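Summary of the model geometry
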Amino acid sequence: METHAPLIDIRNVVKHFGSVIALSGVSLTVNRGEVMCLLGDNGAGKSTLIKTLAGVHKPTSGEFLVDGQHVTFTSPRDALDAGIATVYQDLAMIPLMSVTRNFFMGREPVKGFWPFRYVDFDYCDEVTREEMHRIGIDVRDPNQAVGTLSGGERQCVAIARAVYFGAKVLILDEPTSALGVAQTSMVLKYIHQVRQKGLGVIFITHNVRHAYAVGDRFTVLNRGKTLGTYTKSGIQIEELQNLMAGGKELQAVSAELGGMV
Amino acid sequence: MTDVSQPTADVTTASAAPVSRARDERLKEASFLTKTMRRPELGALAGLILVTIFFLSTADASMFTLAGMMNVLTPASQLGILAIAAALLMIGGEFDLSIGSMVAFAGLIFGSFLILTGWPLLLAIAATFAVAALLGGLNGQIVIRTRLPSFIVTLAFLFILRGLSLVGLKWATGGSTQMRGIGEQAGEGLVREIFSGTALEGLFSWLAAHDVIAKFPNGTPTVTGVPVSIIWFILVAVVATWLLLRTKAGNWIFASGGDPNAARNSGVPVDRVKTALFMLTACAAALVAILTVLDAGSTDSRRGFQKEFEAIIAAVIGGSLLTGGYGSAIGAFFGAIIFGMVSIGLTYTRFDSDWFQVFLGAMLLLAVLFNNYIRRKVTGER
């Protein structure tokens, strides 16, 4: 019964866009109940890697295993069906639509027979209210527009949606980068909850503090390559920061500024 | 529970559960106004009430008789069918400026199927819808594949279809820009009755016989029935509203217009939704063409002239945002009625009916400002 194969196992994934080498051999594993932080500065290849995992891009070469099985995704739908849900930073929710409509977008439960098939919005409202309550967001009315929610709440709703629809792996693309302190801690707390449910989380960020707060393991990406994977016990936050920024230059700057960076 | 003399410990334990429910109820009550404000068609409904009050106080009383209302509603219904389709497309994030020309072009092909090929009415109607859907699909595919704004692509089709209608009419009739004899060629029968003339005649004679509505001295009612275009208008509004608010497709339309990327990420087939909407608008244009051509018995190249703008204006008055993702079919329904009311209503007043355009522009401007305000309210953006 117990399977020890990681949820996601990618080996030597390479992705070229014409003459541009975006990923030149990236390896990464994600286990159940684990938050794997993917760290890297701008241009390190984080976005390309997520989009490859999410089925948007096809890797040029390399192996991709889900639950120990080799897979090839041709569309985001394939990834979703395999239980890999991606929550993009700004592109997760539609502000003009209600919380319910956003929650069930693309997976509306229908009733009745064709051509009179309709969406059971009462049930949808019920589920949305319940799920929001579960993650501690006080949705006054599930029919209110998502635009009225705060940035942190929106991220949480997007994550809750992915969890509700049976995701095994969550890919969170910089979920905290546009948020204030209180909002960030709300999202981080929720990520912790998701981990406890046994899901695997890939948490992409360039904020080492946020990563260190919830991460179990850290993979640092630089110039399309993995610099290495570290467990929380095996690395200090300062080392991680230096590694991510490419080491020496930042140390120099940091010394100049009196250790502020 | 209501006994105030109960020990305090009991009260606190008993109130523990109802606390959240009580709060819920309070919020539900408070949100009634917000709920109303959130309806996109609110502005159009308010506009309709204002316009009605205006004409009640300035227009001749005959405007608000049954015959007067039919006069107002007939042009409103023809525009409204287009406006509702335009509203759906706008909510889906696209425009179609070619619907007016599509009315003329569909009129031409409908007439040609009847007169040149001699097909029976039902087949000609089906073929007209098929050709319109094909052209709408072409519009959609060009927009999707080139990623050009639909504004410019359909502007091209505005001219292409108008030009084709002219050239085609001249070719089909040997030099005339009008094709006559369609009414005779269409013949009589059930299909004809569905697409032209009036409906509910029995009801109206019954109402006249019982003195509910006005009648001539010989007993026939002054209004013999409801023009079928009005029935179609109501039917289209009901189906479109149901589609938009209660079905999967409706949710996909809102999503496609609201944010195509987010929609795609959630598994909504945005391109398919948009193509279907373009086909739908073209079919709405074909329906209007068939209804008006059968009533007039002929078609000409100016049919549907500038209807694309009027339809978009009616949709905007109805609360649809130009940026997509928000709007309503029932709003466009009211928008079209406002339109019909003002254009026809002015002839019942002492005002010069050329005030119509001034009024229209002002109405449009007001509606856009109002919509923008509402959108900020809804999304909480500043």
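Residues numbered from 1 in each chain as written. Chains lettered and ligands numbered in written order. Predicted model: local features only at pLDDT ≥ 70, side-chain atom pairs only at ≥ 80, totals over all residues.

As recorded in an unreviewed UniProt entry, chain B goes by the name Xylose transport system permease protein XylH, listed as coming from Microvirga aerophila. Within the UniProt record for chain B, the comment given under Subcellular location (unreviewed entry) is "Cell membrane". Check the Function (unreviewed entry) section of the UniProt entry for chain B; it says "Part of the binding-protein-dependent transport system for D-xylose. Probably responsible for the translocation of the substrate across the membrane." (UniProt positions renumbered as here; feature names shortened; annotations may be inferred.)

If you check an unreviewed UniProt entry, chain A appears there as Sugar ABC transporter ATP-binding protein from Microvirga aerophila. We quote the UniProt Sequence similarities (unreviewed entry) comment for chain A here in full: "Belongs to the ABC transporter superfamily."

Okay, the overall build of chain A next. The secondary structure content of chain A amounts to 9 helices and 12 strands. A compact globule built from 261 residues would reach a C-alpha radius of gyration of about 18 Å, and chain A, at 19 Å, matches this within 12%. With the C-alpha coordinates of chain A rotated into their principal frame, the extents come out at 65 × 40 × 40 Å. Buried positions account for 47% of the 261 residues belonging to chain A. If you take every contact in chain A between residues at least 6 apart in sequence, the share linking residues at least 24 apart comes to 68%. (Helix = DSSP H or I, 4+ residues; strand = E, 2+ residues; numbered from the N terminus. Rg over C-alpha atoms; globule rule 2.2 N^0.38 Å. Buried ≥ 20, exposed ≤ 12 C-beta atoms within 10 Å, placed from the backbone. Contact = placed C-beta atoms within 7 Å.)

With 26 residues of chain A at the interface, the matching set in chain B holds 23 residues. Of all the elements in the fold, those that place two or more residues in the side of chain A that touches chain B are helix H2 (76-81) and strand E8 (118-119) of chain A. The dominant element in the side of chain A that touches chain B, judged by the number of residues it contributes, is H2(A), at 3 residues. Looking at the side of chain A that touches chain B residue by residue, the classes come out as 15 nonpolar, 4 polar and 7 charged. (Nonpolar A, V, L, I, M, F, W, Y, C, P; charged D, E, K, R; others polar.)

Residues and elements named next belong to chain B. Across the interface, helix H5 (residues 99-115) lies against helix H14 (residues 270-296) with an axial gap of 8 Å and an inter-helix angle of 55°. In terms of their interaxial angle, H5 and H14 are classed as oblique. Crossing of H5 against H14: the hand is right-handed. In contact with Ile99, Met102, Val103, Ala106, Gly107, Phe110 and Gly111 of H5, H14 contributes Thr281, Ala282, Ala285, Ala286, Val288, Ala289, Ile290 and Val293. Tallied by class, residues from the contact of H5 with H14 come to 12 nonpolar, 3 polar and no charged. (Axes fitted to C-alpha atoms, helices over the stretch in contact; angles between N-to-C directions. Parallel < 35°, antiparallel > 145°, perpendicular 65-115°, else oblique. Left-handed = near helix turned anticlockwise from the far one by under 90°.)

On to the environment of Val103(B). If you trace the backbone, Val103(B) turns up in helix H5. Residues contacting Val103(B), with those up to four places away along its chain left out, are Ala285(B), Val288(B), Ala289(B), Arg303(B), Gly304(B) and Lys307(B).

Turning our eyes to something else, we now look at the packing of helix H5 (residues 151-164) of chain A against helix H6 (residues 181-196) of chain A. Residue and element names in this part refer to chain A. The N-to-C vectors of H5 and H6 enclose an angle of 15°; their axes lie 8 Å apart at closest approach. By the angle class used here, H5 and H6 are roughly parallel. Crossing handedness for the pair H5 and H6: right-handed. For the pair formed by H5 and H6, the contact residues are Gly151, Gly152, Gln155, Cys156, Ile159 and Val163 on the first element and Gln183, Thr184, Met186, Val187, Tyr190 and Val194 on the second. Broken down by class, the residue content of the contact of H5 with H6 amounts to 7 nonpolar, 5 polar and no charged.

The subject of this paragraph is unusual backbone geometry. If a residue is not glycine, its phi is most likely negative; likewise, a peptide bond is most likely trans. Cis geometry is adopted by the peptide bond preceding Pro115(A), which originates at Trp114(A) and carries an omega value of 0°. Mapped onto the elements of the fold, Pro115(A) is located in the loop between strand E7 (110-111) and E8. Positive phi outside glycine occurs at Asp67(A), with the angle close to 55°. Position of Asp67(A) among the secondary structure elements: in the loop between strand E4 (61-66) and strand E5 (69-70). Even without being a glycine, Arg147(B) presents a positive backbone phi close to 60°. Tracing the backbone shows Arg147(B) in the loop between helix H6 (121-146) and helix H7 (150-173).

Turning next to the nonpolar core. Ranked by size, the top nonpolar core spans 186 residues in total, and within it Leu170(A), Phe203(A), Ile84(B), Leu88(B) and Ala285(B) carry the most contacts. For this core, the element with the highest residue contribution is H14(B), accounting for 19 residues. The residues contacting Leu170(A), other than those within four sequence positions of it, are Ala85(A), Val87(A), Ile159(A), Ala162(A), Val194(A), Leu199(A) and Val201(A). (Core = buried A, V, L, I, M, F, W, Y, C linked by C-beta atoms within 7 Å.)

With that settled, the discussion passes to the UniProt feature "transmembrane region" (unreviewed entry) in chain B. Residues and elements named next belong to chain B. Mapped onto this structure's residue numbering, the UniProt feature "transmembrane region" (unreviewed entry) falls at residues 42-66, 72-91, 103-136, 148-169, 223-245, 276-297, 309-342 and 354-374. Helix and strand shares over residues 72-91 are 100% and 0% respectively, and the end C-alpha atoms of the span are 27 Å apart. A distance of 12 Å separates the end C-alpha atoms of residues 103-136, which is 85% helix and 0% strand.

Residue and element names in this part refer to chain A. If you trace the 4 strands from one edge of the open sheet to the other, you get E2-E1-E4-E5, paired in antiparallel fashion. The open sheet is flanked by strand E2 (20-30) and E5, the only strands paired with a single partner. As judged from the 8 bridges shared by strand E1 (residues 8-17) and E2, these two strands associate in the antiparallel manner. From the neighbouring strand, Lys15 faces E2, where its bridge partner is Leu23. The strands touched by helix H1 (residues 46-53) within the sheet are E1 and E2, with E2 carrying the most contacts at an inclination of about 60°. (Pairing = 2+ DSSP bridges.)

Residue and element names in this part refer to chain B. Across the 11 residues of helix H15 (residues 307-317), 10 count as buried, placing the element largely inside the fold. Where H15 is concerned, the buried positions are Lys307, Glu308, Glu310, Ala311, Ile312, Ile313, Ala314, Ala315, Val316 and Ile317. Trailing H15 by a residue or two, Gly319 shows a phi angle of about 100°, which is positive.

Moving on to the sheet that holds strand E3 (residues 34-39) of chain A. Residue and element names in this part refer to chain A. In space, the 6 strands of this open sheet follow the order E6-E9-E10-E3-E11-E12, with mixed pairing throughout. Among the strands making up the open sheet, the edge pair consists of strand E6 (84-87) and strand E12 (225-231). The average undirected angle you get between the axes of adjacent strands in this sheet is 20°. Summarising the sheet, E3 and strand E10 (residues 200-205) pair through 6 bridges and their orientation is parallel. Bridge pairing in E10 places Leu38 opposite Ile204. H5 contacts E6 and strand E9 (169-173) of the sheet and is inclined by roughly 170° relative to E6. Against the sheet, H6 makes contact with E3, E9 and E10, and its axis sits at roughly 155° relative to E10, the strand it touches most.

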